[in-house]
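This is what each chain is made of:
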Amino acid sequence: MTDARSYYGRPVVKEPTWTWEIPVYFFTGGMGGASSVLGLSAKLFGNEKLSRTALYIGAASDAVSAPLLISDLGRPERFHHMLRVFKVTSPMNIGAWILTVAGGASNTAAALELLGILKPVKLLAELVASVFGPPLATYTGVLLADTAIPVWHEARHELPWLFGASGAAAAGAAASLFLDPDEAGPARRLAVGAGAAELTLMQVMEQRLGETGEVYKREEAGKAGRAAKALTAAGVAVLATRGKGSRGAQALGGALVCAGSMCMRWSVYKAGFQSARDPKYVVKPQRERARREGTKASTMPGESRGAADRGT
Amino acid sequence: MTSIMEPSGVPAGYEAWGDDQHARVGFFTDTSVCIGCKACEVACKEWNLIPADGQDFLAQSYDNTGELNSETWRHVAFIEQEKPLRADDGAVGLRWLMESDVCKHCTHAACLDVCPTGSLFRTEFGTVVVQEDICNGCGYCVPACPFGVIDKRDMKSTANMGHQPDLPSFLGKKEDGRVWKCTLCYDRLKGGHEPACAKACPTKSIQFGPLDELRERADQRLEKLQDEGWNGAQLYLRDPDDGIGGAGAFFLLLDDPEVYGLPPDPVVTTAFLGQMWTNMAAAAAALAVGVVGGFVFGGRK
Ligand code: SF4
Ligand code: SF4
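In this text, all values refer to a predicted model and were calculated from it rather than measured experimentally.

Attention now goes to the interface of chain A and chain B. The interface is formed by 90 residues belonging to chain A together with 107 residues belonging to chain B. When chain A packs against chain B, the two sides together hide about 8100 Å² of surface, and 57% of this comes from carbon and sulfur. In terms of surface lost to chain B, no three residues of chain A exceed A:Tyr7, A:Lys14 and A:Arg75, which account for 10% of the buried area on that side. The tally of links between chain A and chain B comes to 8 salt bridges. The shortest N-O distance in the salt bridge between A:Arg287 and B:Asp256 comes to 3.8 Å. Across the chain A-chain B interface, the total number found is 45 residue pairs in polar contact (both at pLDDT 80 or more). Ranked by residue count, the leading element in the side of chain A that touches chain B is helix H4 (residues 119–145) of chain A, at 8 residues. Its residues placed into classes, the side of chain A that touches chain B shows 43 nonpolar, 26 polar and 21 charged.

Given below as structure tokens:
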């Protein structure tokens, strides 16, 4: 078919107004949410050192997440308006609640751990943080998918999984940075497994998106995406082959996987702008669907009386 | 197609008005009589005190506004075509299409659905309006709108007649920072007046009224144009069965929507939200299982 028609090549949907804080938050929120689960699991399985490390990483990640989000707002002083309603049709609203609860809990737990007081309260806080951690790491995929940007909306099946895998990989990798190899086994295995899942999901998403996904080959999304794949693959390889034997190698692998996770977020973020900028990504699939399924948005002559009968 | 929590055909929140609920109103924009005078653009800017956003020469026919955005709530599109006006004209002619675009006041409005603060709301007239004293400029509504209507204003808030104090400079990267769009002249409706653009339109290309009356009128008009043999005439967003549940502001176009910069088959993104939440829950559960798996397989250290 011929290329899509447009109005002077102008975009149909608007590019997001979000700035760098948002993809960085996707990274910190993902890492924070997954770290809370890692921390509590380590505690239950009796690995105290890993548990404490993951607890602090989770609390710190959650703690920087909120200022990042507030700084992106057009009216930062009104950030609390997010919590004046509870609205399931708004992933951002639900996300604000999740971050408030998860971040509040993880930071309470970390503070009590530092002070060494109120053990039962601390355990309860860790439990709350790990219940809300996985949603914190995955809702951001829904946040992007619930827009009119083709490359995000059409990836609604993959994005929560991709972001969840990336958050888990970053959590395992971050804990590996601070621990001796003989204490970091589960964290390393998490980084390797989730990192491999992240790589696979990126590939699956790009493949399934077809023409819509070609923005992942171009411009900044392309560059960041290639960097993400290279860094994650290298990190996974180092952790899997050398991580157990040397603290240095384990730290290197952890750093690479974290960097890969951040680059992946940047790639997905930038892909949205590129997808919005070119009207063909909106027009072409919609026109094809309208042809296939009979156009719904336009009422052609001769159809109108039938439509009128259907009422308001 | 419904977005979650919305019964088909009825805008969410509309019925909550109870006794204060007013008949749903909207625009029927009949582009076949538009003469491209831009009186609507000017009337809108004047009535709503929209700040100036500079003058550009775009070299796109007579269009120097370009798009709907935070500073333009009515936008007249100009298209020059080598196409006969009548479907049965064999000879290729030249025709000049004009269309005054506006927020569609969707039945299933993505902007309203995704707004995390409740700033965007459904009025008693069935329209979609931003409460500027609530909006915190999160920007979620901007990429959610399938028509690219709503937009964030980044200009100095002093243009806002001094009602809003300037932000301290360390927060000052965006100096208004809220989103803006057509309110269907909510203030004028409350006073019993028609919106400024409809009032200013000299050809009745912009018609304002109760939505069911407008739909009837549009059906008759489409039939008439068909009888007269106009090329490409179609109603756009008139049908409550479309992907946004029908628009409060719909159009009669003389070519396919994409020619005017409109999406040919928009579907409100929140129609898939239930599916997305389920999918997320599964991903979140898998994450937890994966973390625990690292301990079960391979030991605790
Ligand atoms: S056209 Fe866009 S801004 Fe207007 S009501 Fe629909 S979704 Fe909201
Ligand atoms: S920018 Fe304002 S109106 Fe838009 S979604 Fe955010 S709070 Fe709601």
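Following the structure, the description resumes.
For ligand 1, the set of nearby residues contains 14 residues, the closest of which are B:Cys103, B:Lys104, B:Cys106, B:Cys111 and B:Cys145. Its residues assigned to classes, the shell around ligand 1 shows 11 nonpolar, 1 polar and 2 charged.

Let us look at helix H1 (residues 39–47) of chain B. All names here are of chain B. Considered for burial, the residues of H1 that qualify are Cys 40, Glu 41, Ala 43 and Cys 44. For H1, the elements touching its buried residues are strand E2 (74–81), strand E3 (95–102), helix H5 (196–200) and strand E8 (206–210). Trailing H1 by a residue or two, Leu 49 shows a phi angle of about 50 degrees, which is positive.

Our next topic: the sheet that holds strand E1 (residues 25–30) of chain B. Across the sheet, which stays open at both edges, the 5 strands sit in the order E1(A)-E9(B)-E10(B)-E1(B)-E8(B) with mixed pairing between neighbours. If you trace the sheet from one side to the other, it starts and ends with strand E1 (298–299) of chain A together with E8 of chain B, each paired once. Bridge count for E1(B) against strand E10 (residues 249–253) of chain B is 4 bridges, and the pairing is parallel. In the strand pairing of E10(B), B:Phe27 is matched with B:Ala249. Where helix H6 (residues 211–228) of chain B meets the sheet, it contacts E1 of chain A together with E1, E8, strand E9 (234–236) and E10 of chain B, and its direction lies at approximately 135 degrees from that of E8(B).

With that out of the way, let us pick up the site of ligand 2. Residues in close proximity to ligand 2 include B:Cys115, B:Pro116, B:Thr117, B:Ser119, B:Leu120, B:Cys135, B:Asn136, B:Gly137, B:Cys138, B:Gly139, B:Cys141 and B:Val179, which together make up its full environment. Classifying every residue of the shell around ligand 2 by side-chain character gives 7 nonpolar, 5 polar and no charged.

Counted according to the given criterion, the structure contains 18 aromatic pairs over all chains. Residues A:Tyr25 and A:Phe26 carry aromatic rings whose centres are separated by 6.2 Å and whose planes lie at 55 degrees to one another, so their mutual orientation is tilted. Accessibility classification places A:Tyr25 together with A:Phe26 in one group, the buried group. With a centroid separation of 5.9 Å and an interplanar angle of 45 degrees, the aromatic rings of B:Tyr62 and B:Phe78 are classed as tilted. Of this pair, B:Tyr62 sits in the loop between H1 and E2 while B:Phe78 sits in strand E2; the two residues are 16 residues apart in sequence, bridging distant segments of the chain.

With that settled, consider the packing of H4(A) against helix H6 (residues 159–178) of chain A. Residues and elements named next belong to chain A. Relative to each other, H4 and H6 sit at 145 degrees, their axes nearing to 7 Å. In this structure, H4 meets H6 at a crossing whose hand is right-handed. Touching Ala 137, Thr 138, Thr 140, Gly 141, Val 142, Leu 144 and Ala 145 of H4 are Leu 159, Pro 160, Phe 163 and Gly 164, all from H6. Per-class residue counts for the contact of H4 with H6 are 7 nonpolar, 4 polar and no charged.

To continue, consider the pattern of salt bridges. Evaluated as defined, the whole model comprises 37 salt bridges over all chains. For B:Asp256, the salt bridge is made with A:Arg5, and the minimal N-O distance between the two is 2.6 Å. Taken together, the residues span two chains, with B:Asp256 in the loop between E10 and helix H7 (273–296) and A:Arg5 in the segment before helix H1 (21–44). The class for B:Asp256 is buried, based on a relative accessible area of 17%. The salt bridge partner of B:Asp30 is B:Arg221, with a shortest N-O separation of 2.9 Å. With B:Asp30 in strand E1 and B:Arg221 in helix H6, this residue pair connects regions lying 191 residues apart in the sequence. One connected set of salt bridges, linked through shared partners, spans A:Arg5, A:Arg287, B:Lys83, B:Arg95, B:Asp255, B:Asp256 and B:Glu258.

Right, let's talk about the packing of helix H2 (residues 48–72) of chain A against helix H3 (residues 91–115) of chain A for a bit. Residue and element names in this part refer to chain A. Running from amino to carboxyl end, H2 crosses H3 at an angle of 135 degrees, the nearest separation of the two axes being 8 Å. Judged on the interaxial angle alone, H3 and H2 are oblique. Viewed along their axes, H2 and H3 form a crossing whose handedness is left-handed. Contact with H2, carried on its side by Arg 52, Leu 55, Tyr 56, Gly 58, Ala 59, Asp 62, Ala 63, Ser 65, Ala 66 and Leu 69, involves Leu 99, Ala 102, Gly 103, Ser 106, Asn 107, Ala 109, Ala 110, Glu 113 and Leu 114 of H3 and no other residues of that element.

The subject of this paragraph is the confidence of the model for chain A. Residues and elements named next belong to chain A. Across chain A, the average pLDDT comes to 93, with 96% of residues at or above 70. Helix H5 (residues 150–153) holds the highest mean pLDDT among the elements of chain A, 98, whereas helix H11 (residues 304–309) holds the lowest, 43. Of the regions scoring below 50 in pLDDT, residues 305–312 engages in 13 contacts with residues more than four places distant in sequence or in other chains.

Here is what the cut-offs are and how they apply
- Residues numbered from 1 in each chain as written.
- Chains lettered and ligands numbered in written order.
- Predicted model: local features only at pLDDT ≥ 70, side-chain atom pairs only at ≥ 80, totals over all residues.
- Heavy atoms only, no water.
- Contact = heavy atoms within 4.5 Å.
- Buried area = accessible area lost by both parts, 1.4 Å probe.
- Salt bridge = Lys/Arg side-chain N within 4 Å of Asp/Glu carboxyl O.
- Polar contact = N/O pair within 3.5 Å; in protein donor to acceptor, adjacent residues only side chain to side chain.
- Helix = DSSP H or I, 4+ residues; strand = E, 2+ residues; numbered from the N terminus.
- Nonpolar A, V, L, I, M, F, W, Y, C, P; charged D, E, K, R; others polar.
- Near = heavy atom within 4 Å.
- Buried < 20%, exposed > 50% of the residue type's maximum accessible area, 1.4 Å probe, protein only.
- Pairing = 2+ DSSP bridges.
- Axes fitted to C-alpha atoms, helices over the stretch in contact; angles between N-to-C directions.
- Phe/Tyr/Trp six-rings, centres within 6.5 Å; stacked < 30°, edge-to-face > 60°.
- Left-handed = near helix turned anticlockwise from the far one by under 90°.
- Parallel < 35°, antiparallel > 145°, perpendicular 65-115°, else oblique.
- pLDDT = per-residue confidence, 0-100.

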